[in-house]
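# Observations on chain architecture
Listed here are the chains, written in short residue letters.
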Amino acid sequence: MDEYVLKATGGLDMDKSIFTEVISDDQNKPWLIMIHGFTQNHKVFDRQVANFKDKFNIILIDLRGHGGSDHIHGPFGIEEYTDDLELIVNHYSLNKFYCWGTHTGTAISLVYTLRHPEHVLGLILEGTVLPGLDMPRVRELINRAKKISDERGIEEAKKDWFDYADWFEYMREHNIACRAEEHWKIISEFKGDPWICKIKSREVTNVEQRIDELKIPILMYNGEEDLDDFFEVARHLKNKKRDVQLEIIPDAGGFPCWENPHKVNRLVRNFFNQIC
């Protein structure tokens, strides 16, 4: 476990610390940064860490407002999260690395790649969020959570989030196989500040308009029971960048790395074997 000082960015007026966990036993191994999704934390990658620590030095992040970084106040936007990633990269003096993101983590990975294409060797994107392309159902669910937080409190919003949001539907229906109770523990740790923060985040980079600038290998995957919003994003990105590898994971919904880690890990390892 490691913590470093996060210098003031994006309107913050004081130093803050952001949680990172580093798994490293050989500085000659390539580096892999794993970035979780909204309301989650680094624990969502537990089965990936166990499977890939033999080949990579791994950095796990808790985004501001999440997990070990939940003491950091807003704004909580993609640009601000990317600022944090930028500072992590600088802190560890990383020159080249791979990014593996899920949901919000994919948007951060994409924005960072456009900021610093010289650093990123490849992307693994689970349930891709493509800034610049509207995701109406995702927007609706996030607004629902914010409304419940304001009216009934964060604890009620978290319960509704896990019991109602479409991206947890497969997990709910296959609760034993998909370790739903364990995943709920991750969600329950979320304190909800990104739902109730009123500080406006910066306008996010329109990645959709700059897809042609992405020159690195990219693997995208979705669970076969994922939301239509995420399938639409994946198809759109694949149509605009034909060399992207797009795969569907069976027996999975919104979070295949958690719901079907064996299939995901095998897919990603094969991808790395082709590009590393």
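Because the structure is a prediction, the values reported are computed rather than measured.

For any pair of aromatic rings, the description consists of the separation of the ring centres together with the inter-plane angle of the planes. One pass over the structure, following the stated rule, counts 19 aromatic pairs. Aromatic pair Phe190 and Trp195: ring centres 5.0 Å apart, planes at 85°, arrangement edge-to-face. Pair check on accessibility: Phe190 and Trp195 agree, each one buried. Plain terms: the ring middles of Phe271 and Phe272 are 6.0 Å apart, the flat faces sit at 50° to each other, and that makes the pair tilted. Each member of the pair, Phe271 as well as Phe272, is classed as buried.

The omega angle of the peptide bond from Gly74 to Pro75 is 15°, so this bond is cis rather than trans. Following the sequence through the fold, Pro75 ends up in the loop between β4 (57–61) and α2 (78–91). Even without being glycine, Asp251 reaches a positive phi, approximately 55°. Here Asp251 shows up in the loop between β8 (245–249) and α10 (256–259).

Reading the values: rules and limits
- Residues numbered from 1 in each chain as written.
- Predicted model: local features only at pLDDT ≥ 70, side-chain atom pairs only at ≥ 80, totals over all residues.
- Heavy atoms only, no water.
- Phe/Tyr/Trp six-rings, centres within 6.5 Å; stacked < 30°, edge-to-face > 60°.
- Buried < 20%, exposed > 50% of the residue type's maximum accessible area, 1.4 Å probe, protein only.
- Helix = DSSP H or I, 4+ residues; strand = E, 2+ residues; numbered from the N terminus.

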